Amino acid sequence: MIPVMRPWLGAEEAAAAAEAVSSGWIAQGPRVAEFEAAFASAIGTGHGVAVSSCTTALHLALLVAGIEPGDEVVVPSLSFIATANAARYVGAVPVFADVDETTLNLTPATIEPCLTPRTRAVILVDQAGMPADLEAVQALCQPRGIAIIEDAACAAGSTYRGRPVGAGADLAAYSFHPRKLLTTGEGGMLLTPSADVAVRLRRLREHGMDLSAAARHASQQPVIEHYTELGYNFRMTDIQAAIGLVQLRKLGQLIIRRRALAQRYQQLLAHIPGVQTITDPSYGTTNYQSFWVLLPPDFPVSRDELLERLADAGVSARRGIMAAHLEPAYQGFPRGPLPVTERLTAQTLILPLFHDLTEQEQDIIVSEIAVAGHRQPRAVARA
Ligand SMILES: Cc1ncc(COP(=O)(O)O)c(C=O)c1O
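Residues numbered from 1 in each chain as written. Predicted model: local features only at pLDDT ≥ 70, side-chain atom pairs only at ≥ 80, totals over all residues. Heavy atoms only, no water.

Caption draft 1: Fine view of the overall build of the protein chain. Across its full length, the protein chain holds twelve helices and 14 strands. A compact globule built from 383 residues would reach a C-alpha radius of gyration of about 21 Å, and the protein chain, at 21 Å, matches this within 12%. Seen through its C-alpha atoms, the protein chain measures out along the principal axes to roughly 75 × 55 × 35 Å. Expressed as a percentage of the 383 residues in the protein chain, the buried residues total 55%. The long-range fraction of contacts in the protein chain, counting pairs at least 24 apart against all pairs at least 6 apart in sequence, stands at 72%. Between the averaged position of the 31 positive side-chain charges in the protein chain and that of its 38 negative side-chain charges there is a distance of 2 Å. (Helix = DSSP H or I, 4+ residues; strand = E, 2+ residues; numbered from the N terminus. Rg over C-alpha atoms; globule rule 2.2 N^0.38 Å. Buried < 20%, exposed > 50% of the residue type's maximum accessible area, 1.4 Å probe, protein only. Contact = heavy atoms within 4.5 Å. Lys, Arg positive; Asp, Glu negative; His and termini not counted. Charge placed at Lys NZ, Arg CZ, Asp CG, Glu CD.)

Right, dumping it as C-alpha cells:
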C-alpha cells in the first residue's frame, strides 16, 4: 500500500534518541531547550516553547492571549478539529468562518461577518501548509483589539512574504505529529517574539511552577519551587527534542523534494479536465504538507468512490480537510453560511506525498484518477 504519508526518519534520529536515553535525562531538559532555540532561530523569531502537541500549544496560546469563558474565537470550520477544540478548552465559543476557495484559509472577507462585540481572538490556520494572509488579517483585527493566534500546525517550512510562516505572528503554534514534515512522534512548539510571554508559557506547560524540574535538578542546593497559577503538564521529552533537532536540520531537503514531487503531480494532473490542484499563493510558498485535489462537480465518480478505487489499487489517499461544524461535537455552535467549506470538504481528496515517494508510485496514483475521470494518463518527463 502506498501510504498517504511516511516520515523521513533514519539512523541519525535513532542515534540521537539513543544518546538522550544514555544521558540518563529523558524528560524535558537540555535537548528541549536546544530544540526550542534552534527552531526559533530557523523561523526567525524570538522565543520557542516546546510542548506536547500543537493542540496543547493552541490551548496555552489562548490562555496567554487572555481568552476567557464566554469570549468568542473565530476559527475556520475547515480544519482539523483541534483548532476549534482549543477554544473550548478555555471556555470560549468557537465561531465558524468560511474560507477562501484557493488557499483553504480564513481571509478578512470571511472573518468580518463573524465578528461581534464578544470576539476576542481569531485562530488563523495555515491549512495543510498553505500560508494564510497574516498581514491582511492583522489589518482587520489589530484596530479592534482582537488577538491572532497562528495555527501553523502543518506549516513549518512554508513562507509568507519572504519569511518563514509564523515569523510575523505574536503567537504561532506548530505540530510535530508524523503527518507533518518535521516530526518528533508527538510534539508541538509555540513561538512568540515576547520574552515575557515565553516565560509564562514555560510556567503554564509545567504545572504553573516558577522553576523548571531541569533547573531544580541542576541546583547544588535544595530549592523550593512555587506554583504561581493553574498550570498543566504539556511538556515535551528530551528524547523527542533530540529527534526534532535532527529533523530540523533536514527540513530544507524535505521541502525541496516535496516541492519537486508536488510540481510533478501538478503537471500530471493538469491533463485531467476540471481537476484542480494546489499551488503557491501570490504572497508565499507552501510546504505541501498535504497535496489536495479538488474534483469538479461533473467528475464521473464521487470523491468517496475515487478513494475506494485508489484503495483497491493499493493507494492510501484521504478525504480532504474535515469540516468541524458537520461533526456531532459541534452541533449548535454559531456559524454563518459555510458554502465554500462544505464544497471543499466534500469534493477534495489528499494524495500521498512524502520524501521517499517514487515517480512510479506517483504515476500509479495519477493513472487511477485519470481512469476514473475517463482520461488516458499522460507521461511526464522524468525529473
Ligand atoms: C490545523 C491543525 N491544527 C492543530 C492540529 C493538532 O496538532 P497535534 O496533533 O500536534 O495536536 C493539527 C493536526 O493535524 C492541524 O492540522
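Caption draft 2: Spotlight on the pattern of salt bridges. Taken as a whole and judged by the stated rule, the model has 20 salt bridges. In this structure, Arg343 and Glu101 form a salt bridge, with 2.3 Å as the shortest nitrogen-oxygen distance. Of this pair, Arg343 sits in helix H11 (residues 339-347) while Glu101 is found in the loop between strand E3 (93-97) and helix H5 (108-111), placing the two residues 242 residues apart along the sequence. Looking at Glu101, the relative accessible area reads 30%, which means it is partly exposed. Salt bridges sharing common partners tie together Glu36, Arg202 and Arg205. (Salt bridge = Lys/Arg side-chain N within 4 Å of Asp/Glu carboxyl O.)

Caption draft 3: Representation of the environment of Pro113 in the model. As for its placement among the helices and strands, Pro113 is situated in the loop between H5 and strand E4 (119-125). C-alpha of Pro113 to C-alpha of Leu326: the two residues are 213 residues apart in sequence and 20 Å apart in space.

Caption draft 4: Geometry of the site of the ligand. Around the ligand sit 14 residues in total, of which Cys54, Thr55, Asp151, Ser175 and Lys180 are the nearest. Here a nitrogen atom of the ligand and a side-chain polar atom of Asp151 are 2.8 Å apart. Within the side chain of Lys180, one N or O atom sits 2.9 Å away from an oxygen atom of the ligand. Burial of the ligand by the surrounding chains reaches 89%, relative to a free accessible area of 390 Å². According to the grid-proximity analysis, the pocket containing the ligand is the largest pocket. Secondary structure elements with two or more residues in the shell around the ligand: helix H3 (54-64) and helix H4 (82-89). (Near = heavy atom within 4 Å. Polar contact = N/O pair within 3.5 Å; in protein donor to acceptor, adjacent residues only side chain to side chain. Areas by Shrake-Rupley, 256 points an atom, 1.4 Å probe, with all protein chains shown as cover. 1 Å grid on protein atoms, 1.4 Å probe; cavity = no way out; pocket = protein on both sides within 12 Å on 5 of 7 lines; lining within 4 Å. Sits in = over half its atoms within 2 Å of the grid points.)

Caption draft 5: The layout of surface pockets, seen in detail. There is about 610 Å³ of room inside the largest pocket. Only H3, H4 and strand E13 (318-319) provide two or more residues apiece to the lining of the largest pocket. Residues belonging to the lining of the largest pocket are distributed by class as follows: twelve nonpolar, eleven polar and seven charged. The volume enclosed by the second largest pocket comes to roughly 150 Å³. Lining the second largest pocket, in full, are Ala42, Ile43, Gly157, Ser158, Thr159, Pro164, Leu248, Leu251, Gly252 and Ile255. For the lining of the second largest pocket, the secondary structure elements donating two or more residues are helix H2 (30-43) and helix H9 (238-269). Examining the composition of the lining of the second largest pocket, we find that four residues originate from one element, H9, more than from any other. Class assignment for the residues of the lining of the second largest pocket results in six nonpolar, four polar and no charged. (Points joined across faces, edges and corners; volume = space filled by probe spheres on them. Nonpolar A, V, L, I, M, F, W, Y, C, P; charged D, E, K, R; others polar.)

Caption draft 6: Main features of the environment of Val32. Along the chain, the position of Val32 falls in helix H2. With relative accessibility at 1%, the residue Val32 sits in the buried group. For the pair Val32 and Gly48, spaced 16 residues apart in sequence, the C-alpha to C-alpha distance is 9.8 Å. Beyond its immediate chain neighbours, meaning those up to four positions away, Val32 contacts Ala50, Arg205, Met236, Thr237, Asp238 and Ala241.

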